[in-house]
Amino acid sequence: MRLKFSHFLLLIVFSSYSQNQKHTNIILMIGDGMGLTQISSGMYANNNATALEEFEFVGLSKTYSSDQIVTDSAASGTAMATGYKTLNGVLGIDSQNIPQMSILEHCNAMGYYTALLATSSIVHATPASFYAKVPARSQYQDIALQLSEHNVDLFIGGGKKHFESREDGRNLLKEMKGYEFVTSLKEFEKSMSDKIGYFTYSDEPPTLTNGRSPGLESLVEISLQKISSKNSPFFMMIEGSQIDWGSHDNNLDYMLSEFQEFDRAIKKVLEFAKKDGNTLVIVTADHETGGLSLIGGNVSKGRVKGTFSTKGHSGTMVPVFSYGPHSNLFSGIYENTAIFDKMKQAVTP
Ligand code: MG
Ligand code: ZN
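Residues numbered from 1 in each chain as written. Chains lettered and ligands numbered in written order. Predicted model: local features only at pLDDT ≥ 70, side-chain atom pairs only at ≥ 80, totals over all residues. Heavy atoms only, no water.

Novice: Quick one: what's the story with the coordination of the zinc ion (ligand 2), residue by residue and with numbers?
Specialist: Put simply, a metal with four donors set out as a tetrahedron has ideal angles of 109.5 degrees, and one with six donors set out as an octahedron has ideal angles of 90 or 180 degrees. The coordination sphere of the zinc ion (ligand 2) contains the protein donors D244 (OD), D244 (OD), H248 (NE2) and H313 (NE2), at a distance range of 2.1 to 2.3 Å. Classification of the site at the zinc ion (ligand 2) rests on its 4 donor atoms, whose angles at the metal span 57 to 152°, yielding the label irregular. Sequence positions of the residues that donate to the zinc ion (ligand 2) give the spacing D-x3-H-x64-H. Taken together, the residues D244 in helix α11 (residues 242-248) and H313 in strand β12 (residues 313-314) connect sequence positions 69 residues apart. You can call D244 buried: its relative accessible area is 5%. (Donors = N, O, S within 2.8 Å, 3.2 Å for Na, K, Ca; no water. Tetrahedral: all angles 85-135°; square planar, octahedral: opposite > 155°, others 65-115°. Helix = DSSP H or I, 4+ residues; strand = E, 2+ residues; numbered from the N terminus. Buried < 20%, exposed > 50% of the residue type's maximum accessible area, 1.4 Å probe, protein only.)

Novice: Run through the sheet that holds strand β2 (residues 57-62), naming residues and quoting values.
Specialist: The 10 strands lie next to each other as β5-β6-β4-β3-β7-β1-β8-β13-β2-β14, forming an open sheet whose pairing is mixed. Of all strands in the sheet, those bounded by a partner on one side alone are β5 (180-182) and β14 (332-335). Taking the axes of each pair of neighbouring strands and ignoring which way they run, one obtains an average angle of 20° across the sheet. Sheet topology note: the strand β3 (residues 113-121)/strand β4 (residues 154-158) ladder contains 4 bridges and is parallel. Directly across from S121, in β4, lies its bridge partner G158. Lying over the sheet, helix α12 (residues 252-276) contacts β1 (25-31), β3, β7 (234-240), β8 (279-284) and β13 (318-323), oriented at roughly 165° with respect to β1. (Pairing = 2+ DSSP bridges. Axes fitted to C-alpha atoms, helices over the stretch in contact; angles between N-to-C directions. Contact = heavy atoms within 4.5 Å.)

Novice: Describe the packing of aromatic side chains, listing the residues and the values that go with them.
Specialist: Two measures describe an aromatic ring pair: the distance that separates the ring centres and the angle between the ring planes. By the definition in use, this model includes 10 aromatic pairs. Both rings, one in F163 and one in F199, keep their centres 4.9 Å apart while their planes meet at 55°; by these two values the pair is tilted. In this pair, F163 sits in helix α7 (residues 161-164) while F199 sits in strand β6 (residues 196-199), placing the two residues 36 residues apart along the sequence. In terms of burial, F163 and F199 fall into one category: buried. Considering the side-chain rings of Y179 and F181, the 6.0 Å spacing of their centres and the 20° angle between planes classify their relative orientation as stacked. Y179 sits in the buried class, given a relative accessible area of 11%. The partly exposed category is assigned to F181, whose relative accessible area is 24%. Among the aromatic side chains, those forming a connected cluster through ring pairs are F155, F163, Y179, F181 and F199. Above the face of the Y334 ring, K342 is positioned so that its terminal group lies 4.4 Å from the ring centre. (Phe/Tyr/Trp six-rings, centres within 6.5 Å; stacked < 30°, edge-to-face > 60°. Lys NZ or Arg CZ within 6 Å of the ring centre and 35° of its normal.)

Novice: Please provide a residue-by-residue account of the pattern of salt bridges, values included.
Specialist: Summed over all chains, the structure comprises 13 salt bridges. K274 serves as the salt-bridge partner of E54, at 2.2 Å between the closest nitrogen and oxygen. With E54 in the loop between α2 (36-44) and β2 and K274 in helix α12, this residue pair connects regions lying 220 residues apart in the sequence. Note that E175 is salt-bridged to R170, the shortest N-O span being 2.8 Å. Judged by its relative accessible area of 36%, E175 falls in the partly exposed class. Counted as one network, the salt bridges with shared partners bring together R212, E258 and E261. (Salt bridge = Lys/Arg side-chain N within 4 Å of Asp/Glu carboxyl O.)

Novice: Account for empty space enclosed by the protein, naming residues and giving values.
Specialist: In total, this model carries 1 cavity of 30 Å³ or more according to the counting rule given. Approximately 70 Å³ is the volume found for the largest cavity. Contributing to the lining of the largest cavity are A118, T119, T200, Y201, P205, R212, S213, P214, G215, L216, L219 and E261. At the level of secondary structure, the elements contributing two or more residues to the lining of the largest cavity comprise β3 and α10 (216-228). Considering only residue class, the lining of the largest cavity consists of 6 nonpolar, 4 polar and 2 charged. (1 Å grid on protein atoms, 1.4 Å probe; cavity = no way out; pocket = protein on both sides within 12 Å on 5 of 7 lines; lining within 4 Å. Points joined across faces, edges and corners; volume = space filled by probe spheres on them. Nonpolar A, V, L, I, M, F, W, Y, C, P; charged D, E, K, R; others polar.)

Shown next as structure tokens:
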């Protein structure tokens, strides 16, 4: 109750503030495993074009974790989400064992509408970095429980089974009273609810080439229509989760199709941001995956040839693209934790 009351007070402070000034919306897009070579390959394979070319500023992010030069998605997700580096595998807790508030939670406390979209399950490391505090990313049932008790307003991703078939016998979907759970794009489009959960799959969603649907760009488009009709600023995180998985498989075609879907989603986001004028868009990666090299191909034929040097991640810096208000903050070379600091600066009055 105390927490809720303090949120209520913040809302009052926020409402009186918002009469004078507009808060910046943030759309953070994370291509998991999307290093510069994934982008280059995806661009050449797509008529030498990517939506990223329209961004205003480009920076580089140092992705190492508190214990390893090669990070995993939990440590790097936590770094970007909370501003603290941590050990590989840890979500939302820093290297001194202190749980930290994420940018989504800071925004929520300021009256923002919040949303998470992923092409993995919603309890997977990247989206979970924004709401969960657990020592191990594999604690899916604990992560699901934490999401059920959180106040993320809209979430879309796979992983329904972690909410309804659980070792503790609870059905979290029944406990999440404020939410409408939609089961199709049509239902999602029609829903008038303030809080929406959309489980796209019971487990991890399949690859795009194996028929994953709906496409991320449709989910993004409808989410933006809904969110922009609310009378509050918003924070949204969108993950292209499987760019990483294609790269782990050392499967260039898998990676390329996932990147291209993510690129189409970026295009939708940019169209929105251009019209809106008050939305900061950041596109980055948590790390590179596969140690991919682009070693041949043909630009005019849209063919690329690549080789991978590892089945795991690599430690190279990753690019950060930014567009909109405060986008200038994101040029230069900085720690991945600075992405949190810069977003915080962008939303702080
Ligand atoms: Mg991920
Ligand atoms: Zn990975």
